[in-house]
Amino acid sequence: MNRLLRPLTFVSLLLIVGCLYLFQEASGFKAESALLPVTMLLSLIILASILLFSDQGKTAETSAPLSLSSGKAFFVTVGFVVAVDLVGFYPTLVIGLPLIAYLFGFKNLKYLVISTALISAIIFSLFDVVMMKEFPLGIFG
Amino acid sequence: MYEMLLMALPGVLQINNLLAIVFGVLAGICVGAMPGLSATMAISVLIPFTFGLDPLVALGLMAGIYNGAMYGGAIPAVLLKIPGTPAAVATTFDGYPMAQKGRGGEALQVAVVSSAIGGIASALSLMLLAPPLAQVTLLFGPAEMFWIAVVGLLSIVFLLGGNLVKGLVSACFGILVSLVGTDTVNGTDRFTFGYFELLDGIHIVVLLVGLYAMPPVVDLLQTQIDTSKYRYDKSNTESIWRAIPRMLRFWRTWVKSSLIGIWIGILPGAGGSMAAFLSYNEAKRNSKNPDEWGHGEPEGVAAAETSNNADTAAALIPALTLGIPGTAVAAIMLGGLLIHGLQPGPMLFRESPEIVFGFMWQFLFGAILLIFLGGSLATNSFAQLLKLPRPLLGSLIVVLMFIGVYSINERMFDVYLMLIFGAVGIAFDKLKFPLPPVVLGLILGSFAEENLRLSLTIGLGDWSILAKSTTSLILISIVLLIILTPLIKRLRQT
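Criteria and thresholds
- Residues numbered from 1 in each chain as written.
- Chains lettered and ligands numbered in written order.
- Predicted model: local features only at pLDDT ≥ 70, side-chain atom pairs only at ≥ 80, totals over all residues.
- Helix = DSSP H or I, 4+ residues; strand = E, 2+ residues; numbered from the N terminus.
- Rg over C-alpha atoms; globule rule 2.2 N^0.38 Å.
- Buried ≥ 20, exposed ≤ 12 C-beta atoms within 10 Å, placed from the backbone.
- Contact = placed C-beta atoms within 7 Å.
- pLDDT = per-residue confidence, 0-100.
- Nonpolar A, V, L, I, M, F, W, Y, C, P; charged D, E, K, R; others polar.
- Core = buried A, V, L, I, M, F, W, Y, C linked by C-beta atoms within 7 Å.
- Domains from an automatic or database assignment.
- Axes fitted to C-alpha atoms, helices over the stretch in contact; angles between N-to-C directions.
- Parallel < 35°, antiparallel > 145°, perpendicular 65-115°, else oblique.

**Some points on the overall build of chain B**
A count of helices and strands for chain B gives 23 helices and 2 strands. Expected size for 494 residues packed as a compact globule is a radius of gyration near 23 Å; at 22 Å, chain B falls within 12% of this value. Expressed as lengths along the three principal axes of its C-alpha atoms, the size of chain B is roughly 70 × 55 × 50 Å. Counting every position in chain B, which comprises 494 residues, the buried fraction comes to 61%. A fraction of 80% describes how many contacts in chain B between residues 6 or more apart in sequence connect residues 24 or more apart.

**Structural notes on the confidence of the model for chain B**
Residues and elements named next belong to chain B. In this model, chain B carries a mean pLDDT of 83, and residues with pLDDT of at least 70 account for 91%. Highest mean pLDDT in chain B belongs to helix α21 (residues 412-430) (92); lowest belongs to helix α19 (residues 380-383) (60). Across the whole predicted complex the pTM is 0.78, and at the interface the ipTM reaches 0.91.

**Notes on the interface of chain A and chain B**
Interface size, as often reported, equals the accessible area lost upon joining of the parts. Listed as interface residues are 43 residues of chain A and, on the opposing side, 43 residues of chain B. For the side of chain A that touches chain B, the elements supplying multiple residues, two or more each, are α1 (7-26), α2 (31-57), α3 (71-87), α4 (89-103) and α5 (109-130) of chain A. For the side of chain A that touches chain B, the element with the most residues is α2(A), which contributes 11 residues. Taken together, the residues that form the side of chain A that touches chain B break down as 30 nonpolar, 6 polar and 7 charged.

**Brief notes about the nonpolar core**
Residues B:I43 and B:V78 are the most contacted members of the largest nonpolar core, which totals 212 residues. Counting the residues that make up this core, at least three belong to each of domain 1 (3-57) and domain 2 (71-140) of chain A. Those residues within four positions of B:I43 in sequence are excluded, and the remaining contacts are B:M62, B:I65, B:Y66, B:V329, B:I332, B:M333 and B:G336.

**A few points about the packing of α3(A) against α21(B)**
When two helices pack together, their arrangement is given by the angle between the helix axes and by the axis-to-axis distance. Here α3(A) crosses α21(B) at 175 degrees, and the two axes come no closer than 11 Å. On the basis of their axis angle, the class for α3(A) and α21(B) is roughly antiparallel. Across from A:F74, A:T77, A:V78, A:V81 and A:D85 in α3(A), the residues of α21(B) making contact are B:M412, B:V415, B:Y416, B:L419, B:G422, B:A423 and B:I426. Tallied by class, residues from the contact of α3(A) with α21(B) come to 9 nonpolar, 2 polar and 1 charged.

Have a look at this one:
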């Protein structure tokens, strides 16, 4: 396995690169506004470097490989948010709520339909009617 | 200051406030009973929904959830040997063997009564200790407040255990997030990248929901558990009020475990699991029949449950008086106070006494309610929650996370930002970076900066002002002690 793809190494590198970018940004701040940001960025760079070297010093067996095991659930959540932005909250809720549950192994269609209807009704009455919240309408807006 | 405690009572006794506590306790028990969900997650998802509510109603909900969840964790711990919350691990040692012998109902009754006693003791300690501590801290100037923030941040990093470097990374990350937005002193925009949405900084709820709700949601959706395998006895038919007199023999354990829980709660970074383990071991050490422990000794359940509930309100003693939370939930609660415009710290006692003292009463009532709500429904009703389909629960929490974060400012920008923090939360969770220092960094980062700059302004740019007063010197010594103690311990071990 590529040593740079070890999770801790990858995250440490990401931190160092991110901090260097922010460091450039912080260099434009007024002196007193830059004091804490620069201190924190420098500290993060040093700490991430320590993590990076300690992880690289480990043998391949002791360092866990990079895995995207949490990726599916996270990207489904991202998909839900993007769908709300595009097609609006309620259409996404009605389709997305049972779809996510179905995709992750809950296949009882009757239960899914009833629970979706119930949850949608509760959310609508509570947030739209009582609290008068306006959710994104997407293309229907 | 204690007279204000009494003056706050009528406000708490209003029906909407009492209902909030009842609902909170019930919701907390449900959340705690479901493995994978924690009080931290429940409160972080709930906080955005409390925006429009009266602060006392919102805080009543949080206090109820916290109390309820700490007991709720005992339900699967006793019935299935699966701790609903990390703090309930010690409850499995004797709770589960009791359930296997057909005494699951009795174990849960011991758990609920002990949880209530621990919670009551904790609330009383908060009422007794917080007001005088707040009065002392009122005398602190900006230099002392700066050191208080440093003590808070370092103590949670160093006392939390685990990898110190990772803890420091978490704290620095949190502080950096707190610096996003317009510098209120000179108007400099920091790390806003041209987004006007970032001018006011990053809302604490956006960070909390992303960090604390996303990892459990991922776990709920992706971890398949066959709930049809769950078996538990339905033997509990006895009234809790008949069972209580038999439990009075545990009074020594209740007292000792309460004291241990309170002490651990006050210490930043320790938390309920440590309290439960320490109390369990202490009670076992003093037992006349230690061989019975681990095979279904009800006193073991009593020790663990008293202690993990005794740290709840106690964790708020440093949180409310100094702005330094003792546990992750306390840190989230500070976030809850902030969204209602209440800045934790000594001034809170002067500016909003009815809220802060009301909150203390709510903790007490929440603990008492545990016996009524948890006791009467203890076994069978709440145990049914274990059968709820995890994917459906996970997808419902995704929806709630969206609604909660979107409702803050009614804009999608916050939701996308929450997703970014969610990704950070998942990565930190997988790589074992502690999350409480991130939250504390966000809360204390700008607070520390503000007080540091104020001190330097007063001292005309002379840094020695930070070490001029005796209090500052004491606080600097505490900082050194916090940093050096674990380092010396590690050096000795190696």
